[in-house]
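Take a look at the letters that make up each chain.
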Amino acid sequence: MATTAVGQPLSRVDARRKVTGTATYSAEHRIEGLLYGVIVNGTVARGTVSRISVDAALGHPGVLRVLTDFGKLQLAHPVDRLAFYGQPIAVVVAESLEAATHGASLVEATYERQDAVTDFDDPDIPSQTPEDEPDYSRGDPAGALASAQVKVDLELTSARENHNPIELPSTIARWQDGRLTLWDKTQWSQGAARTVAGALGIAVTDVRVHNEFLGGGFGSGIQTYDHVVLAAFAAREVNRPVKVVLTRRQFYYGTGFRPASRHRMALGSTEAGRVSALVYEVRIENARYRTYTDGLTDLPKFLYGVPNTSTAYRITPIDVHSPASMRGPGVVLGNFALETAMDQLAHELSVDPVELRLRNEPTQDEVSQLPFSTRKLRECYETGARRFGWSRRRAKPGSRTDGDLLIGMGMATASYHNNRRDSSARARIHADGTAEVFAASADMGPGTTTSVMQVAADALGLPASAVTFRLGDSSYPTAPLHAAACTMASVGSAAHTTCNALKAEFIRRAVADPDSPLHGANPADVQVRDGQLETSGARDTYRDILRRAGLPSLDITGNWGPGDADSRISTYGYGAVFAEVSVDPLLGLVRVRRIFAAYDVGRVISPKLAHSQAIGGMVGGIGMALLEGTVTDHRDGRIVNASLADYLVPVNADVLDLDAAFINTEDPQADPIGVKGLGEITIVGVAPAIGNAVFNATGKRLTDLPIRPEALL
């Protein structure tokens, strides 16, 4: 009997192409007649360009055009003035990258500067309440906090972070007969098509976007930024294909970032460890020209059963590029504030941090008043604590050493909303018995190409080797953005639904065909395994059904969406993260010795890929906790450390022992394949677990991210 593909630890189907260099990324496509575009960036944070000189650039050999008039383009920011440092002011187009790069260096601009503010802690800049994040309150949080027997009131901060995937933002644009084709590093091909069409004033049906391979994203490719529009604009102006690839430094200026944040988290509790009050106030940096928010207040008001809770979300608009989603957007920062305060409360109460959390488990979602679809957080705590060896933790900070090093253990809860969105897929079975499934999704690294294939193979009753999942093309059936941990639940469910419909169509044809061995059988009794349809000893095959019908293939397009499920259930993923660190008290250096996490993320489609996802999220969490922070020169808005030489990210030496386990569960109320999103939750909880471990090692409660050595000296 054939085994199912779902649940098998399969290797990535595109792994060989990636490691041998035959996978073609956006900038690598060979397009006849290709020119090269290099963007010239403005060097003031606020003002206008009073004069721009392009003669020297145009005189350089190989330079064909210098485009400076963007007045007819519809961009996310103003085009008649400068709204942030690094805003594009020109595009140099040349026969070679070298010529375009040197030509860009010859463009000279003078500016009419205006007073700019790039520091969102500037006291003269008022904060605002965004429309989509109103203040929230239940019970009497102020009164309950004032009367609480035990109180914790913390001020916390986090630095700005920039996405740093290996592949740089890159776009090739080609026009043919009034239609535009883009090869773009985007996490949402259909969103990119809409944005570019709107920016250029053309029909979205005249834009096709290819994005089969992505070299990482972390949220940097969700929005469509200036370089994509300018590549298309330049290609139209010069009537030849144009490639634009941002440098690493331009990446920091030209795309979004995780905004810096300031938090107040106050908890009130009984002496028995029942949290009675939670007051959370948070403020993030924003651009003046565009409002950005994400879910910072989600977990503080949801995660624990606190009857008296209030949250207040504020933004401070300054002269910077607009922030954007970065892995675990918003939730990871709100969770840092919450889980740091919970650890401090556990210390004040002399209660084990896991036990404190168990004492405050809710019985329903207290925000929506809805039942949980599944919530196996208790099992996550138990599994994580057992596998990690939490019982060996010493409650008194600074009491465990290894030579001259201080050793500490910490933990934190993780959670993320189970996002599901409307999606479509097309499934096709060919005369040779192989199958293809199509959707306009993307795969920036989690293994979507593999995991959707596994779901489709089981739905069709075919071996995994006979099924291919095609993605990376905006002309394919509709798919949501490849972000927000929604791809598997959405696209996977659409593939499952569509493939089951295609299988049912083959069964219908077989039982209705007098020449089929299954003629007259009850369709409900027909099973499909390895491409064979059988019941009561009679067998037919996909191949034979197509042969008798004289068809080269048969396909169906189907749709799936969550409908009103979110009005009936509260569906989240959950996790418990445990970390052990060493701290050198003489140097202030923190090293992560090991991290273990246990997750309730519904059905695990591909254990190998899920484990890889978990490790990747932990690496990002280590960066957030100890290394990453974007530094701005507030005199002009220039980013000081806009390179991988100066912006610190974890390397192999920083990730010694990372491991994860998954609770055996499914969430059939949420979607037909029973999954919950995994991509975002794996970074949530890592930074506070590390910070709590540092406290356990040193007795110093550090509330600023990243944790720097000088804070421990």
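Here we summarise the structure given alongside this text. (Residues numbered from 1 in each chain as written. Predicted model: local features only at pLDDT ≥ 70, side-chain atom pairs only at ≥ 80, totals over all residues. Heavy atoms only, no water.)

Residues Leu586, Leu587 and Leu589 make up a contiguous nonpolar surface patch of about 310 Å² in total accessible area. For leucine 589, the position within the fold is in strand S25 (residues 589-600). (Patch = residues over 30% accessible without salt bridge, like charges linked within 9 Å, V, L, I, M, F, W, Y side chains within 5 Å. Areas by Shrake-Rupley, 256 points an atom, 1.4 Å probe, with all protein chains shown as cover. Salt bridge = Lys/Arg side-chain N within 4 Å of Asp/Glu carboxyl O. Helix = DSSP H or I, 4+ residues; strand = E, 2+ residues; numbered from the N terminus.)

A few words on the sheet that holds strand S15 (residues 401-402). Here we have five strands laid out as an open sheet, ordered S15-S16-S24-S25-S28, and mixed in their pairing. Looking at strand neighbours, the two that pair on one side only are S15 and strand S28 (658-662), the edges of this open sheet. The pairing of S25 with S28 spans five bridges and is parallel. Among the inter-strand pairings, tyrosine 599 is bridged to a residue of S28, identified as phenylalanine 662. (Pairing = 2+ DSSP bridges.)

Here the structure, examined in full by the defined rule, presents 13 aromatic pairs. Here phenylalanine 302 and tyrosine 572 contribute two aromatic rings whose centre-to-centre distance is 3.9 Å and whose plane-to-plane angle is 15°, an arrangement assigned as stacked. One end of the pair, phenylalanine 302, is in helix H8 (residues 298-302); the other, tyrosine 572, is in strand S24 (residues 572-584), and 270 residues separate them in sequence. The two residues phenylalanine 302 and tyrosine 572 agree in class, both being buried. The interplanar angle of 65° and the centroid separation of 5.4 Å between the aromatic rings of tryptophan 390 and phenylalanine 578 together place this pair among those described as edge-to-face. Of the two residues, tryptophan 390 sits in the loop between helix H11 (377-388) and S15 while phenylalanine 578 sits in strand S24, which places them 188 residues apart along the sequence. (Phe/Tyr/Trp six-rings, centres within 6.5 Å; stacked < 30°, edge-to-face > 60°. Buried < 20%, exposed > 50% of the residue type's maximum accessible area, 1.4 Å probe, protein only.)

If you check helix H6 (residues 226-238), its first and last C-alpha atoms are 18 Å apart, about what 13 residues at 1.5 Å a residue would give, namely 18 Å. With respect to burial, H6 is a largely interior element, eleven of its 13 residues being buried. For H6, the set of buried residues is Asp226, His227, Val228, Val229, Leu230, Ala231, Ala232, Phe233, Ala234, Ala235 and Val238. Directly beyond the C-terminal end of H6, a positive phi value near 60° is found at asparagine 239. (Expected span 1.5 Å × (residues − 1).)

Remark on secondary structure: sheet strands pair via backbone hydrogen bonds, oriented parallel or antiparallel. Pairing is mixed in the open sheet, where seven strands are placed in the order S3-S4-S1-S11-S8-S9-S10. Here the strands that pair on one side only, and so sit at the sheet edges, are strand S3 (63-67) and strand S10 (207-210). Averaged over all neighbouring strand pairs, the angle between strand axes comes to 20°, with direction disregarded. The pairing of strand S8 (residues 170-176) with strand S9 (residues 179-184) spans six bridges and is classified as antiparallel. Bridged to threonine 171 within S9 is aspartate 184. Relative to the sheet, helix H3 (residues 97-106) contacts strand S1 (35-41), S3 and strand S4 (88-94), its axis offset from that of S1 by approximately 20°. Helix-sheet contacts for helix H5 (residues 189-200) involve S8, S9 and S10, and the interaxial angle to S10 is about 140°. (Axes fitted to C-alpha atoms, helices over the stretch in contact; angles between N-to-C directions. Contact = heavy atoms within 4.5 Å.)

Now for the pattern of salt bridges. By the definition in use, this model includes 38 salt bridges. Of the charged contacts in the structure, one is a salt bridge between arginine 548 and aspartate 513, with a shortest N-O distance of 2.8 Å. Residue arginine 548 is located in helix H14 (residues 542-549), and its partner aspartate 513 is located in the loop between helix H13 (487-512) and strand S20 (527-529); the two are separated by 35 residues in the primary sequence. Given the relative accessible area of 19%, aspartate 513 is considered buried. Taking the shortest distance from any N to any O, the salt bridge between arginine 594 and glutamate 580 comes out at 3.4 Å. Taken together, the residues arginine 594 in strand S25 and glutamate 580 in strand S24 connect sequence positions 14 residues apart. Of the residues examined, arginine 594 reaches a relative accessible area of 16% and is grouped as buried. You can call glutamate 580 buried: its relative accessible area is 5%.

What follows is about the environment of threonine 4. When you line up the elements, threonine 4 lands in the segment before helix H1 (15-20). We classify threonine 4 as partly exposed; its relative accessible area is 46%. Put simply, threonine 4 and leucine 462 are 458 residues apart on the chain and 8.9 Å apart in space, counted from C-alpha to C-alpha. Polar side-chain contacts of threonine 4 include one of 3.4 Å to the backbone oxygen of valine 6. (Polar contact = N/O pair within 3.5 Å; in protein donor to acceptor, adjacent residues only side chain to side chain.)

As a further point, take the environment of proline 709. Structurally, proline 709 is set in the segment after strand S29 (704-705). For proline 709, a relative accessible area of 30% gives the class partly exposed. Residues proline 709 and aspartate 564, spaced 145 residues apart in sequence, show a C-alpha to C-alpha distance of 49 Å. Among residues more than four places away in sequence, those in contact with proline 709 are Leu587, Gly588 and Leu589.

Moving on: the nonpolar core. Ranked by size, the top nonpolar core spans 91 residues in total, and within it Met265, Ile595, Tyr599 and Ile690 carry the most contacts. It is helix H9 (residues 331-349) that provides the largest number of residues to this core, a total of eleven residues. In this view, isoleucine 690 contacts Ala579, Val581, Val592, Ile595, Gly621, Ile622, Ala625 and Leu626; residues no more than four positions away in its chain are not counted. (Core = buried A, V, L, I, M, F, W, Y, C linked by side-chain atoms within 4.5 Å.)

A few words on helix H15 (residues 607-627). Compared with an ideal rise of 1.5 Å per residue, which puts 21 residues at 30 Å, H15 spans 29 Å between its outermost C-alpha atoms and is within 8% of the ideal. Of all the positions in H15, only Leu609, Ala610, Gln613, Ala614, Gly617, Met618, Gly621, Ile622, Gly623, Met624, Ala625 and Leu626 are classed as buried. Next to the buried residues of H15 lie H9, helix H12 (448-460), S25, S28, helix H16 (686-698) and S29.

Turning our attention to the pairing of S8. Counting buried positions along S8 yields five of seven residues, so the element is predominantly enclosed. Relative to strand S11 (residues 242-245), S8 is paired through four bridges, and the arrangement is antiparallel. The residue bridging alanine 173 from the neighbouring strand is valine 242, located in S11. The turn joining S8 and S9, which pair antiparallel and follow one another in sequence, is formed by two residues; a positive phi near 55° is taken by aspartate 177.

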